[in-house]
Structures are given as C-alpha cells and as structure tokens.
Amino acid sequence: MSNLDLFGSNMYKEVIKQYDEVTDFINLDSNIRERLKLPQRALTVTFPFRRDEYDEVETVIGYRVQHVLSMGPTKGGIRYASNVNLGEVTALAILMSWKSAIVGLPYGGAKGGVAIDPTPLSKQEKQRVTRRYTAELLPVIGVDKDIPGPDLGTDEQTMAWIMDTYSNFVGSPQPGIVTGKPASLGGSITRREATGRGVVAIANAALDKLNLKYENSTVVIQGFGNVGRYAALDSYERGAKVIAVNDLGGAIYNKNGINIPELFKHIAKNKSVKDFNGADNFDDEILEIECDILIPAAVGGVIKSNNADNIKAKIIVEGANSPTTLSADKILRDNGVLLIPDILANAGGVTASYFEWVQNTQNYLWKEKELHERLIDVLTSAFEEVWIISEKNKVDLRTAALIKGIKKVAAAKLTRGLFP
Ligand code: NAD
C-alpha cells in the first residue's frame, strides 16, 4: 500500500503534490524529503457516545496526527465535521508544520478531528463527545507534547471541556493543554480574534506593496465563523466596504458596505447572517462577486478549476485552510490574481495560540494591547520575508512561503540527526 493510499484524501494528495514541486525547486536532500511526507504519529480512536434522546450508543471515529516532533511540542486545531478523515487531518498537520516555521514558532505541526456533524448536536452531546475524545487522546497530548486548539466546528467552550477533562486526569489545573480557551481560564481576546485580524493585517501588507489602501477596498468573505467574522470586523474598522458575506444558512449583499457591528448583533440572535436587515439576501455564488479582496474563511476546496476563471477579485487572502486547489491556483495566477496562501495568511491563529501557551506555562499575563502588537509584528515580518523570497526566486507567494517553511523544518531535522 502506498502512502497516498494510506492517507488517501484529495487534500493529502494536493499537499504532497505542492510539496514535491517545491522540494524539486529547492533540491531538498532526498532522505529528508521522503521523511517529511509522512506524519511521525497518527492516532485513530473510536469511541461511543450517547445522544440526548436515545438509550443506544453511537460509535464515532476521531484522529490526532503529529507531523514533526523535532522542534518542540506539536500544535494544531481540532475540527468536528462529518467528512473528517485520516488523510485530511494528516494534510492539515503537515500544513501546520510549515505554518509554524514560517512565523518562527517552536512547534511541529499537528491536527485532530472527529468525524461528526456538530450542527445538530446539543450542548450536552457536544460536551460528551469532547470529553470522551480527550480521554482517548491522553497518551499523546500534553502541555509539553501536543497542544490542541480550536478549528472548524469547535470553539472556546470545546477547549474549556478539553482542559477540564485533561486536568481531571492529571490531578491539577493544566491551562496550557489547549489554546483558544475562554478568558476566564487564561485565554485571551487577542487569540479569539487573531486569525481573522491576522488575515486582514497580511492583506493590508500586500495592498501596501501594490500601492493600494485597505480603506478604499471592497471585501467579500465566505464564512462567518471565528475567522470570517473578525476579518469582517477588522475590515469594517479600517473603513473598507464589506459588500458580501455568507455562511451555511445563506448569503447577504450590500454594495454600499455591510454594517458589521450590527451584523454581530443579528447573529447573536439568529443562527445565520441571512435575513439581516442592513443587506439583501443573495442567492448567487459570492466567491464570484467583483471586489478588491476575497477572503475564503469557511472550508477547504471551494476555489477549483471549474470556478477559478469566474473569480473577479484582485487579491485572495486564504483565511480557511486549503480553500484553493492546485489547478485553481494556476488559473488564478494566469489571470493575475494575487493569492496570499493559508500557511501565511491565517498564521495569526497559531501565533496568538503560542502567546497564550507561553503565558499559561509561565503563569504570566501580558496586556491585550501588547499581545496584539506582537501578533501584528510577527505576521507582517513573516509576510515581508516571504515577499522577498518570492521576488528573489520569481515565484508566487505560496511557493515562497513553502520554501521558507520546508527549509526551516528540514534544517531542524537534519541538525538533530538520526536516532539511534
Ligand atoms: P467556524 O466553525 O467557527 O466557522 C465556519 C463558518 O463557515 C461558519 O459560518 C459556517 O456556517 C461557514 N461555512 C461552512 N461551510 C460553508 C460553505 N460551504 N459555504 C459558506 N459558508 C460555510 O470555523 P473557523 O474556526 O472560522 O474556521 C474556518 C476555516 O479557517 C477553516 O478552514 C479552519 O481550518 C481555518 N482556520 C481556523 C483558525 C481558527 O483560529 N479558528 C485558524 C487557522 C485556520
């Protein structure tokens, strides 16, 4: 059985294809090159859980994958979605290694997930799934081993349950076991907003290069969850016009710009952005709306060869992980769209998570203002370095970011040498 079969998923295949192209380009040592295609550890667990209204138990499947254990603990989010599989989780863990290396964090990449649709789950059901999944992960997670965080379908409350379950097993409070916790448990507002605001900070740095101004831009955002909503808020605060957003419930459009703080009030009462009275409901594909900045911030694989040609944005900033397929990437490049890749654009999440983890492990609290400034500094410096690599090698930003990330991880592994 080949590795592609073992971790078989479109996302894994795409991540490896991308990796092959870049490692060819930088002529990476062939031993390390093959090694980094595989995760060091991949744990599959199955566990039963009980729905509220039935006596019977249901068995679900979960994963935790750790890609590289050479540079410090591993770090990566946990997602709940019905299509979660080993290949996808592995691909996302690999991307986390490059991402952490790009922004200079002392982490290897990890990712976890449970194959379950979180939407119909009651709070109690979600809590039961989370606590049991955490218990199954006990052999591989730890404050100095592997630190989960939120991702699709999980949130601050999920992280609080993981922390509580883990702390009960260990016998003492362990806030550093997860990041993205509620503020009452040592989380920070900066972490909550970091991915979305980081996406905007990076988009702003890219606009600077093109002599354009964020405040004069029109913005379209797919997804209004943790990433999408703070990208929208930051865009609004900078004076840009957020003309369209959507979520699983529907899409809304206002050519004069949507009032995002009012939209926050709307979604606090309603589950979806749909029916917001400061915009029109919109039935067409929002990815194809003409705009300056398009931020896909929902799920992977939404910009593909069959719709890439219809995209009219000047810049795409990938808030979601892997929203663009490799074939679409090439079409967008040919069409002159500037694409800022996920491993750079959404690195604000893991960067703020790192700050949270450092504070937890040192029992020390920084001010939110200081955290925010550090976050923006780390992200804009990483953007600048990637931009320089891209100009020097005459490659697109995804290739440049991968060159930076892969070289750094490979160097760490080679320097440590081979055991035994
Ligand atoms: P979330 O669960 O908080 O929100 C997801 C949003 O996308 C929801 O509004 C949902 O309704 C919407 N959505 C789902 N499928 C959609 C579709 N097909 N079309 C339109 N909208 C859809 O998730 P999140 O934490 O905001 O994560 C979003 C993406 O960003 C994921 O790809 C995740 O891996 C990535 N990401 C998240 C973080 C983080 O800090 N949360 C960090 C880095 C990357």
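The following refers to the structure shown. Here, residues in each chain are numbered from 1, in the same order as that chain's written sequence. Owing to the predicted nature of the model, reporting of local features is limited to residues with pLDDT of at least 70; listing and counting of side-chain atom pairs is limited to 80 or more, with chain, interface and lining totals taken over all residues. To get the side-chain values, all heavy atoms of the structure are used, and hydrogens and water are removed first.

1. Section: the packing of aromatic side chains
Then comes step 1: We call Phe, Tyr and Trp rings a pair once their centres come within 6.5 Å, taking the six-membered ring for Trp, and we label the pair stacked below 30 degrees between planes, edge-to-face above 60, and tilted otherwise. Taken as a whole and assessed by the stated rule, the structure comprises 11 aromatic pairs.
Then comes step 2: Pairing phenylalanine 47 with tyrosine 133 gives two aromatic rings, centres 6.2 Å apart and planes at 35°, and the pair type is tilted. Here phenylalanine 47, found in strand β1 (residues 41-50), pairs with tyrosine 133, found in helix α5 (residues 123-137); they are 86 residues apart in sequence, far enough to count as distant.
Then comes step 3: Exposure classes here rest on a 1.4 Å probe applied to the protein chains alone. A residue is buried below 20% of its type maximum, exposed above 50%, and partly exposed in between. Phenylalanine 47 gets classed as buried once you look at its relative accessible area, which sits at 0%.
Then comes step 4: Seen from their ring centres, tyrosine 354 and phenylalanine 355 are 6.0 Å apart, and the 50° between their planes marks the pair as tilted. Secondary structure is summarised from DSSP: a helix means a run of H or I of at least four residues, a strand means a run of E of at least two, and numbering begins at the N terminus for each.

2. Considerations on the sheet that holds strand β3 (residues 74-81)
Then comes step 1: Reading across the sheet, the 5 strands line up as β1-β2-β4-β3-β5 and stay open at both edges, with mixed pairing between neighbours. A single partner strand is all that each edge strand has here, and the edge strands are β1 and β5 (146-150). Strand-to-strand, the axes of this sheet are offset by a mean angle of 25°, without reference to chain direction.
Then comes step 2: Pairing of β1 with strand β2 (residues 57-66), which is carried by 10 bridges, proceeds in the antiparallel orientation. Within β2, the residue paired with alanine 42 across the bridge is valine 65. A pair of strands is labelled paired if DSSP reports no fewer than 2 bridges between them. Each axis is a line fitted through C-alpha atoms, taken for helices only over the stretch in contact, and angles between the N-to-C directions span 0 to 180 degrees.

3. A short note on the sheet that holds strand β9 (residues 280-282)
Then comes step 1: As summarised here, the arrangement of the 7 strands in space is β9-β8-β7-β6-β10-β11-β12, forming an open sheet in which the pairing is mixed. On the outer flanks of this sheet lie β9 and β12 (338-340), each paired with one strand and no other. Put simply, the sheet's adjacent strands are angled 20° from each other on average, direction ignored.
Then comes step 2: When strand β7 (residues 241-247) meets strand β8 (residues 250-253), the two strands line up antiparallel, connected through 4 bridges.

4. Let's talk about the pattern of salt bridges
Then comes step 1: Throughout this description, the term salt bridge denotes a Lys or Arg side-chain nitrogen within 4 Å of a carboxyl oxygen of Asp or Glu. Considering all chains together, one arrives at 29 salt bridges under this definition.
Then comes step 2: A salt bridge links arginine 197 to aspartate 234; the nearest nitrogen and oxygen atoms lie 3.2 Å apart. With arginine 197 in helix α7 (residues 189-209) and aspartate 234 in helix α8 (residues 226-237), this pair connects stretches of sequence that are 37 residues apart.
Then comes step 3: Arginine 197 sits in the buried class, given a relative accessible area of 13%.
Then comes step 4: Residue classification places aspartate 234 among the buried positions, given a relative accessible area of 5%.
Then comes step 5: Aspartate 396 is the salt-bridge partner of arginine 333, the closest N and O atoms lying 3.9 Å from each other. With arginine 333 in helix α10 (residues 326-334) and aspartate 396 in the loop between α13 (368-393) and α14 (397-416), this residue pair connects regions lying 63 residues apart in the sequence.

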